[in-house]
Amino acid sequence: MNTTLSDLPASRVRRNCLPVRIDRAVALAAITFALSAGSASAAPDARLAALAAKEKPALLETLKQLVSIESGSRDLEGLEKISNLIAEKFKAMGGEVELIDPSADAYRMEDTPEKIGRVMRATFKGNGSKKIMLIAHMDTVYQVGMLNKQPFRIEGDKAYGLGIADDKQGIAVIAHVVSMLKALDFKDFGTLTVLINGDEEISSPGARKLITQMGKAHDAVLSYEGASVKEDKLSLATAGIASVTLNVTGKASHAGSAPEAGINALYELSHQILQMRDLSDPATGLKMNWTIARAGSNRNVIPAMATAGADVRVLKVSDYDRIEKLVQERVKKQLVPDAKVEMKFERRRPPLEANEASLAMARHAQGIYKELGRELGADDKVAGGGTDAAFAALDTKAGVVERFGLQGFGAHSADAEYVLLDSIEPRLQLSVQMIMDIAQGKLR
């Protein structure tokens, strides 16, 4: 553990110093000895602190550039512009850069656009053996034109902007982490991969396959969604997200003069919802709740069409199979035999499940933060919504840890999204030290 002057107990300082007429040179020598004895890594840490302080203004400028480009998940023009900017930054630092169109191989859901924003992949080759991947996303939930109402600005200890917390800060942190590693001339990793996609906010239909493949090919993955301003904490587990859609087709008829000639799609839909209202399982964290429904066109017409949607959350990948099978069995039991019932189960995002490797990474990160005089939360309790870290962890036993990004607030809000400036330097130091220690096999 690093030792600073403030870390030394008063009694220890007094024992090392004459009470009144101590020679300044002797005092400095005593302090230097205490520092070197306390930790052999004090000098490298001092370099990291200095580098992080130097990178902070540049990181804020990068944030301004990123926030100033609108990049909603369906805004292909904006996504092309921001992906070009990101690609240029990593190419300038010596990365082998690719811009990948994932549209052709996308997992198609009901809301998946035909054309999907590109993935930027930058690869840096080192002299070691460990393969490390850093991930973030460039897309936002905002619509074209909203930038005018909340341009990038700094007020007090906060930097504001649309998408700044979710997840443009993540891109900026990764870029300046790589910049710090370059400044240190650190190449002890085998491969350092940066993967930034443009479809996270729509459940990553295009990038998910690539993220899973790349996660399997690496020894560790650091994901850069932001931490909360309320609790500075890494995430080792997140809930998986799925959806169930029921479409019922009946037959229209006059509701007053010939209701018997119709097939009431609303009756059948109501029956289906009621018979599937008890599929949640609190003991395992499985949740299924019907949230939307639509039926009919006019009050005096037997509804020929009805549709409903349910939100599903799971804590384990295996629970997807379980809940899908239960829904398939229930949907066969109809109230209106002549109605046609179609069910669609979409796995929008898998859960991130903690493993031994991710727990070890989290413990190590906590140790680094403690040396910086800060507390970092980390446990395997499910926290927050689903993220791309879950895709990275889907087919690997390597460590995957989420929320290495800056502390922030107001994601998906129209006027209150910000990051804390005071979290920039410690987060840069944390990531750089983590990468160096993983590359050199120094995890605690």
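Position numbers for residues start from 1 in each chain and track the written sequence from start to end. With the structure being a predicted model, the display of local features is reserved for residues of pLDDT at least 70 and the display and counting of side-chain atom pairs for 80 or more, all residues being used for whole-chain, interface and lining totals. Side-chain metrics in this entry use all non-hydrogen atoms of the structure; hydrogen atoms and water are not considered.

Undergrad: Looking at this model, I keep getting lost on the overall build of the protein chain. Mind explaining?
TA: By definition, any uninterrupted DSSP run of H or I lasting at least four residues is a helix, any uninterrupted run of E lasting at least two residues is a strand, and each is numbered from the N terminus. Of the regular secondary structure elements, the protein chain holds 11 helices and 15 strands. When a residue's accessible area, from a 1.4 Å probe over protein chains only, is under 20% of the maximum for its type it is buried; when over 50% it is exposed; and in between it is partly exposed. In the protein chain, which comprises 444 residues, the share counted as buried stands at 52%. For this analysis, residues touch if any pair of their heavy atoms sits within 4.5 Å. For the protein chain, the proportion of contacts with a sequence separation of at least 24, taken over those separated by at least 6, is 81%. Approximately 20,600 Å² of the protein chain is accessible, and the part contributed by carbon and sulfur atoms is 52%. All accessible-area figures derive from a Shrake-Rupley calculation using a 1.4 Å probe, and residue coverage is judged against the displayed protein chains alone.

Undergrad: What exactly am I supposed to notice about the confidence of the model for the protein chain here?
TA: Low pLDDT means the predicted coordinates in that region are not meant to be read closely. The pLDDT score gives, residue by residue, the confidence of the prediction method on a 0 to 100 scale. The predicted model of the protein chain has a mean per-residue pLDDT of 90, with 90% of residues at 70 or higher. Mean pLDDT across the elements of the protein chain ranges from a minimum in helix H2 (residues 24-38), with 35, to a maximum in strand E3 (residues 131-137), with 99. Per-residue pLDDT stays below 50 along residues 1-44; that stretch engages in 24 contacts with residues further than four places along the chain or on separate chains.

Undergrad: I keep staring at the nonpolar core and nothing clicks. Help me out?
TA: Soluble, globular proteins show a tendency: their nonpolar side chains are buried together. Grouped together as the largest cluster of nonpolar side chains are 69 residues, with contacts concentrated most on Phe90 and Val194. Of all the elements, helix H5 (residues 164-183) adds the most residues to this core, at 11 residues. Each residue touching phenylalanine 90, except ones within four places of it in the same chain, is listed here: Gly95, Val97, Met120, Ala122, Phe124, Ile174, Ala175, Val178, Val194 and Ile196. By nonpolar core is meant a set of buried Ala, Val, Leu, Ile, Met, Phe, Trp, Tyr and Cys residues that side-chain atoms within 4.5 Å join together. Ranked by size, the runner-up nonpolar core spans 25 residues in total, among them Leu269, Leu279, Ala308 and Val327.

Undergrad: Would you explain empty space enclosed by the protein in this entry?
TA: Any space left empty among the atoms is revealed by the rolling of a water-sized probe across them. Of the two site types, the cavity is a set of points on a 1 Å grid over the protein atoms alone where a 1.4 Å probe fits but cannot get out, and the pocket is an open set with protein on both sides within 12 Å along at least five of seven lines, each lined by residues with an atom within 4 Å of a point. Grid points are joined across faces, edges and corners, and a volume is the space filled by probe spheres set on the points. Enumeration according to the criterion identifies 4 cavities of 30 Å³ or more in this entry. Its boundaries defined by the atoms lining it, the largest cavity holds a volume of some 80 Å³. What lines the largest cavity is a set of 13 residues, and nearest its centre among them are Glu70, Ser71, Thr140, Tyr142 and Leu162.

Undergrad: In this structure, what is going on with the packing of H5 against helix H11 (residues 424-439)? I would like to understand it.
TA: How two helices sit against one another is set out by the angle between their axes and by the gap between those axes. Remark: H5 packs on H11, axes separated minimally by 9 Å, with the N-to-C direction vectors making an angle of 60 degrees. Relative to H11, the element H5 is oriented oblique. The chirality of how H5 crosses H11 is right-handed. Where H5 approaches H11, its residues Val173, His176, Val177, Met180 and Leu181 are matched on the opposing element by Leu428, Ser431, Val432, Ile435 and Met436. Under the convention adopted here, Pro, Cys and the residues Ala, Val, Leu, Ile, Met, Phe, Trp and Tyr are nonpolar, Asp, Glu, Lys and Arg are charged, and Gly plus all remaining residues are polar. Its residues placed into classes, the contact of H5 with H11 shows 8 nonpolar, 2 polar and no charged. Axis angles are defined between N-to-C directions and span 0 to 180 degrees, where every axis is a line fitted to C-alpha atoms and, for a helix, only to the segment in contact. Should an angle lie under 35 degrees it is considered roughly parallel, over 145 roughly antiparallel, and from 65 to 115 roughly perpendicular; all remaining angles are considered oblique. Left-handed is the label given to a crossing in which the near helix is rotated counterclockwise from the far helix by less than a right angle, and right-handed is the label when the rotation is clockwise.

Undergrad: Just to check I follow, could you spell out the packing of helix H9 (residues 356-371) against H11 for this structure?
TA: Between H9 and H11, whose axes approach to 10 Å, the crossing angle comes to 130 degrees. Judged on the interaxial angle alone, H11 and H9 are oblique. As for how H9 packs across H11, the hand of that crossing is right-handed. Across the interface between the two elements, Met361, His364, Ala365, Ile368 and Tyr369 from H9 touch Pro426, Arg427, Leu430, Gln433, Met434, Asp437 and Ile438 from H11.

Undergrad: Which parts of the structure should I look at to understand the pattern of salt bridges?
TA: In a structure, side chains of opposite charge can pair up when their charged atoms sit close to one another. Any carboxyl oxygen of Asp or Glu that lies within 4 Å of a side-chain nitrogen of Lys or Arg is treated as forming a salt bridge with it. The final tally for this structure, using the stated rule, is 21 salt bridges. The residue arginine 348 makes a salt bridge to glutamate 346 at a minimum N-O spacing of 3.2 Å. For the pair arginine 348 and glutamate 346, a shared accessibility class is recorded, and that class is buried.

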